[in-house]
Amino acid sequence: MKALIPAAGLGSRFLPVTRVIPKEMLPIGAKPALELIVEEAKAAGAEEIVIVISPGKELIREYFKDDPSISFELQTEQKGLGHAVFCAAERFRDEKECVLVLLGDALVSGCQASSEMVAMSKANNGAGVIGLERVPEEMVSRYGIVKLDDSDSKAPQITDIVEKPSVEEAPSDMAVAGRYLLDPQIFKLLADQKTGYGGEIQLTDAIRRLLEKKKVLGYVYPGKRHDIGNPKGYFKTLEAMNVNG
Ligand code: UTP
């Protein structure tokens, strides 16, 4: 299996430190967050990992230069997460299996999120899987929100997905939480994906089109997702992961 880690975002919520230090390289204990994410991808079975960086984030390339399983692609204009994923499309051209996508600023504690998603996919004929976390209703407009089928199954199917909906329009309170196992058709869909929320090319919008072609399941983490992309989230992460003492 191959994995893709988008880590080219501007990090504007964590300025000014992100002028020189990519948020993905902030320490969680003695390791950069991104190293924990790479370890999670490898534990889930990723043999090759492509990290998408921006020209200002060469520190990431420098840090991982001795790891032959990791290579890099550049996103030179920050046109959104979907665009960052598309920047690595060539690297997945011949891929048949689902690709594991891990956001470079999201950590999951309390479970082996990616490994568990891979196991769910295998148990369901290679279906796509998206990691989910329930969020308070007033927070739905910050996330991609999914609609799940109403089966009681442990592997519910995602029937719709919307990027940052209003509280009124949100199809549920289940938020996309930083880990995706996606059919490689996603790259074709991203090639002609129109700009969406915030004038960015949204991965969520391409996934919405993927749902028409491929089965995608929801995996509600038994653990917790942490967003290290802003100071408050970062310090809460350190506390939750018990690495600040
Ligand atoms: P965010 O949605 O947190 O966006 O990205 P951001 O631009 O990095 O942060 P702010 O809003 O300016 O503070 C989620 C993940 O997607 C990557 C980020 O690096 C992060 O790991 N991303 C986002 C890209 O690689 N490229 C983009 O154009 C946007």
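Note: the structure precedes this text.
Note that the structure is predicted; figures quoted are calculated from it, not measured. (Residues numbered from 1 in each chain as written. Predicted model: local features only at pLDDT ≥ 70, side-chain atom pairs only at ≥ 80, totals over all residues. Heavy atoms only, no water.)

Participant: Help me understand helix α4 (residues 113-123) in this model?
Facilitator: Since the α-helix turns once every 3.6 residues, residues separated by three or four places project in the same direction. Every buried residue of α4 is listed here: Ala113, Ser114, Met117, Val118, Met120 and Ser121. The arc enclosing the buried residues of α4, seen along the axis, measures out at 160°, which places them on a common side. Within α4, the exposed residues directed more than 90 degrees away from the buried face are Lys122 and Ala123. Where the residues of α4 are buried, they touch α1 (33-43), β6 (99-102), β7 (106-109), β8 (128-134), β11 (174-182) and β12 (216-220). Two residues or fewer past α4, Asn125 is found with a positive phi of approximately 55°. (Buried < 20%, exposed > 50% of the residue type's maximum accessible area, 1.4 Å probe, protein only. Helix = DSSP H or I, 4+ residues; strand = E, 2+ residues; numbered from the N terminus. Arc of directions from axis to C-beta. Contact = heavy atoms within 4.5 Å.)

Participant: What am I meant to see in the pattern of salt bridges here?
Facilitator: The final tally for this structure, using the stated rule, is 20 salt bridges. In this structure, the salt-bridge partner of Arg225 is Glu133, at a minimum N-O distance of 3.6 Å. Linking Arg225 in strand β13 (residues 224-227) with Glu133 in strand β8, this pair joins segments that are 92 residues apart in sequence. Across the pair, Glu133 and Arg225 agree in class, each one buried. Each of Lys2, Glu48 and Glu95 takes part in one network of salt bridges that share partners. (Salt bridge = Lys/Arg side-chain N within 4 Å of Asp/Glu carboxyl O.)

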